[in-house]
Structure formats: C-alpha cells, structure tokens
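# Structure at a glance
This is what each chain is made of:
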Amino acid sequence: MSRPTSSRPTPPRPAPHVLILGGTTEARRLAADLAARTGVRVTTSLAGRVTRPGALAGEVRTGGFGGPEGLAAWLREQHADALVDATHPFAETITANAVRAAAATGTPAVILRRPGWQAGPGDHWHPAASLAEAAGLLPALGRRVFLTTGRLGLAAFAHLSGLHFVTRSVEPPEPPLPPDTRVLLARGPFTVADETALLRDHRIDVLVTKDSGGAATAGKLAAARELALPVVVVRRPPLPPGADVVSDVPAVLERLERLERLERLGLSGP
Ligand code: NAP
C-alpha cells in the first residue's frame, strides 16, 4: 500500500528582507528604490530623534535596538537577509553596532556613506578633529558664529561666553548652550542665496560645520566662500576597520544584487 501524499502546499518563502538604518536623504532614496521593486521587503529603522521624520517608502520601525546584541536579535527575529547602514557620517555608535551585529548573525552588510566635502579655491577652511577642537579654534577666528553642527553636542561650545552664536537645527537644541545663542529651527535643503542672506543678516564672521557631505546643506559653504568667511570643518569619525563601504545608492543596489536571495530581482537594473 502506498503512503497517502499530503496535498498541503509548501508555504511560500517570505520575500527577501533588507534592513536600512536610516536618518539620511540617501537612506530615504534607497528605501524608495527598493520598495518600488516587487519581491523585496524593506524596513527603515529611525532613531526617533526627529518628531516628524516625513514619509518613507516600505516599513518603518523607530527607536534604539538596545546595542549590538539588540540589533542582532532583531536581524534574527525579522529574518533580515541584508543590512544597509545608511546613517549620518557622524552617527558613529550605530555604525559600530551595525558592523558587530552583522558579524554576529552572519548578515551581509554594507555601509552607505556619501562623500565628504572638499575645499576649493577661495575657501578658508580650518579642520578640527572634534567639536571640542572646533570650539578651541573659534576665539581666534571670529566673534559671531553660525554653528550648524546639529542640536546635540552644543555643550562643547557652552563655555564660550564672549562669542555670539546662531545655531540651526530641525528640533530645539539640547542644553547646555553658550549663553549668547540665537536658535533657528529649520530643515534643509538650503539654497546658496538663502544662506548668504542669513550670514549677512546675522553679521556672521565664522561658520562651524561637520563634514556631513551632500548637496542639501552645502549651500552654506558656497555662501561662506562668497563672503570670504573662515569655516571650521569637523572631520568625520573613522569607519570600522574592514567594513564594506560604498558612496551612493546604485552601489548599494549592486552589492545587494550579489546576494543569492536578491540576485534575480534586477535591483541595479533600470
Ligand atoms: P549614534 O550616536 O550613532 O547612535 C546612538 C544610539 O542611537 C545607537 O546606539 C542606537 O541605539 C540609536 N540609533 C541611532 N541611529 C539609529 C537608527 N537609525 N535606528 C535605530 N536606532 C538608532 O546616532 P546619532 O548620531 O545620535 O544619530 C541618530 C540618527 O540621526 C541616525 O539615524 C542618523 O542617521 C541621524 N542623523 C545624525 C546626525 C549626526 O550629526 N549625528 C545628523 C543627521 C541625522 P541602540 O544602541 O539602543 O540601538
């Protein structure tokens, strides 16, 4: 007698799942690109620092994972097939966590980092290794400072009582702030004309920025050049050694397409 064969169909394999660590324009672009392809599940993770982060394609999860172990657990539970760290170049901790969690779980990982800015003719840039070093350079460079290093980390400038600061961030900055600070709340992109007007209106004589790179906030650099202002540029933290790093969204798609579960989806095609 032959055994009865089961007529129950095998459950379909879930779609390949890509986790994007986000919070940048490039992460948003990558999510839109992946979510537009059929057969891929894409989740963007946000830290939750911005209260209205704007619409994102695909699924979104918000808040810390609880260190590299928490991220590793998430990757296992959610059956992630690939991890893309597309966080800001200065988001050092989450990038280190991503590399550790990927190694612990055997998840293929790539870091997307937009190129840094380059000084050109007419620029007066002063590199600094940290916010503290940037603060140390300021008194010799100017009296009225446009500080665009983000709303966290202003404490590094809080002791500079003799200088006037104008800061700009999406959300209100975290104290402590320097005593003489004007806070502007705004979200980029900012045009060169707007930035030039802002520098003139506030009679700024020195600009401080992180080397964030990208077009959305590069207008201030052109404006500073136009007005011949010195710019203190805080250098990026180093990337974890041995990490796979690419500089744009098409290069991420090429990397993902090399993975067995994603190779037939034509991710890097037109
Ligand atoms: P960070 O110092 O590298 O990370 C601190 C902690 O925040 C991490 O350990 C992690 O908590 C959580 N975290 C950070 N990014 C996360 C993400 N995308 N999803 C889930 N949890 C995340 O990060 P940060 O510099 O504060 O930046 C936070 C977010 O803002 C990032 O998404 C980044 O892309 C964006 N951003 C940062 C800057 C900047 O200048 N730093 C500028 C623009 C945008 P757990 O350890 O609990 O997982």
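In this report, we go over the structure that sits alongside the text. Position numbers for residues count from 1 along each chain, tracking the sequence in the order it is written. In keeping with the predicted nature of the model, local features appear solely for residues at pLDDT of at least 70, side-chain atom pairs appear and are counted solely at 80 or more, and the whole-chain, interface and lining totals rest on all residues. Calculated side-chain values reflect all of the structure's heavy atoms, with hydrogen atoms and water omitted.

Take the sheet that holds strand S2 (residues 41-46) next. The strand order across the open sheet formed by six strands is S3-S2-S1-S4-S5-S12, and the pairing between neighbours is parallel. The open sheet has two edge strands with one neighbour each: strand S3 (59-62) and strand S12 (245-246). By this definition, two strands are paired if DSSP reports at least two bridges between them. Helix and strand definitions follow DSSP, with helices as H or I runs of at least four residues and strands as E runs of at least two, each counted in order from the N terminus. Two strands pair when backbone bridges link them, and strand S1 (residues 17-21) and strand S4 (residues 82-85) are joined in this way by four bridges, in the parallel orientation. For Leu21, the partnering residue across the bridge sits in S4 and is Asp85. Across the sheet, helix H2 (residues 67-77) is in contact with S1, S2, S3 and S4; its angle to S1 comes to roughly 155°. Any two residues whose heavy atoms approach within 4.5 Å at even a single point are treated as in contact. Lines are fitted to the C-alpha atoms to define the axes, a helix being fitted only along its stretch in contact, and any angle between axes, read from their N-to-C directions, falls within 0 to 180 degrees.

One open sheet accounts for six strands, arranged S6-S11-S10-S7-S8-S9; its pairing is parallel. Strand pairing shows two members of the sheet lacking a second neighbour, strand S6 (124-128) and strand S9 (181-185), which therefore form its edges. For this sheet the average axis-to-axis angle between neighbouring strands, irrespective of direction, equals 20°. Inspection of the sheet shows S6 paired to strand S11 (residues 230-234) by five bridges, in the parallel sense. Looking at the pairing, Ala128 lines up with Val234 of S11. Against the sheet, helix H6 (residues 219-226) contacts S6, strand S8 (164-169), strand S10 (206-210) and S11, and its axis sits at roughly 155° relative to S10.

For the rest of this paragraph, the subject is the site of the ligand. A single heavy atom is enough: if one lies within 4 Å of a molecule or strand, its residue is considered near that molecule or strand. Lining the immediate surroundings of the ligand are 21 residues, of which Gly22, Ser45, Phe65, His88 and Lys210 lie closest. Take Ile94: an N or O atom from its main chain is 2.9 Å from an oxygen atom of the ligand. A distance of 3.4 Å separates an oxygen atom of the ligand from a polar side-chain atom of Asn97. For every accessible area listed, the method is Shrake-Rupley and the probe measures 1.4 Å; residues are considered covered only by the protein chains on display. Considering the ligand on its own, with 810 Å² of exposed area, one finds that the protein chains cover 76% of that surface. Counting only elements with at least two residues in the shell around the ligand, the list comes to S2 and helix H3 (92-105). Whenever two N or O atoms come within 3.5 Å, that pair is a polar contact, provided that in protein one can donate a hydrogen and the other can accept it, and provided that, for residues adjacent in sequence, both atoms are side-chain atoms.

Each aromatic ring pair is summarised here by two numbers: the centre-to-centre distance and the angle between the ring planes. For this analysis, a ring pair means two rings from Phe, Tyr or Trp (six-membered ring only for Trp) whose centres lie within 6.5 Å, classed as stacked if their planes differ by under 30 degrees, edge-to-face if by over 60, and tilted for the remaining angles. Counting across every chain of the model gives two aromatic pairs. With centroids separated by 6.0 Å and ring planes inclined at 75°, the aromatic side chains of Phe65 and Trp74 adopt a geometry described as edge-to-face. Comparing Phe65 with Trp74, the two get one shared label, buried. Their ring planes at 65° and their centres at 6.1 Å tell us that Phe157 and Phe165 sit as a pair that is edge-to-face. In terms of burial, Phe157 and Phe165 fall into one category: buried. The rule for a charge over a ring is simple: NZ of Lys or CZ of Arg within 6 Å of the ring centre, and within 35 degrees of the ring normal. Against the face of Phe65 rests Arg61, its NZ or CZ located 3.8 Å from the ring centre. For the exposure calls, accessible area comes from a 1.4 Å probe over protein chains only, and a residue counts as buried if that area is under 20% of its type's maximum, exposed if over 50%, partly exposed in between.

Two side chains bearing opposite charge may form a pair once their charged atoms approach each other closely. Salt bridge criterion: a side-chain nitrogen from Lys or Arg within 4 Å of a carboxyl oxygen from Asp or Glu. Here the structure, examined in full by the defined rule, presents nine salt bridges. Among the salt bridges present, the one from Arg37 reaches Asp33, with a minimum N-O distance of 2.7 Å. By relative accessible area, Asp33 is classed as partly exposed at 24%. Note that Glu174 and Arg151 form a salt bridge whose closest N and O atoms lie 3.5 Å from each other. One end of the pair, Glu174, is in the loop between S8 and S9; the other, Arg151, is in the loop between strand S7 (144-147) and S8, and 23 residues separate them in sequence.

Between its first and last C-alpha atoms H3 spans 20 Å; for 14 residues at 1.5 Å apiece the expected length is 20 Å, and the two agree. The set of residues buried in H3 consists of Thr95, Asn97, Ala98, Ala101 and Ala102. Seen along its axis, H3 keeps its buried residues to an arc of 160°; they face one direction. Seen from the buried face of H3, the exposed residues on the opposite side, beyond 90 degrees, are Thr93, Arg100, Ala103 and Ala104. Elements in contact with the buried residues of H3: S1, H2, S4 and strand S5 (109-112). Count one or two residues on from H3 and you reach Gly106, which has phi positive near 70°. Expected helix span is computed as 1.5 Å times (number of residues minus one). Think of it as the arc spanned by the lines of direction from the helix axis to the C-beta atoms.

On to the environment of Gly150, then. Counting through the fold element by element, Gly150 comes out in the loop between S7 and S8. Since its relative accessible area comes to 28%, Gly150 is described here as partly exposed. Gly150 sits 24 residues away from Glu174 along the chain, and the two C-alpha atoms are 9.7 Å apart.

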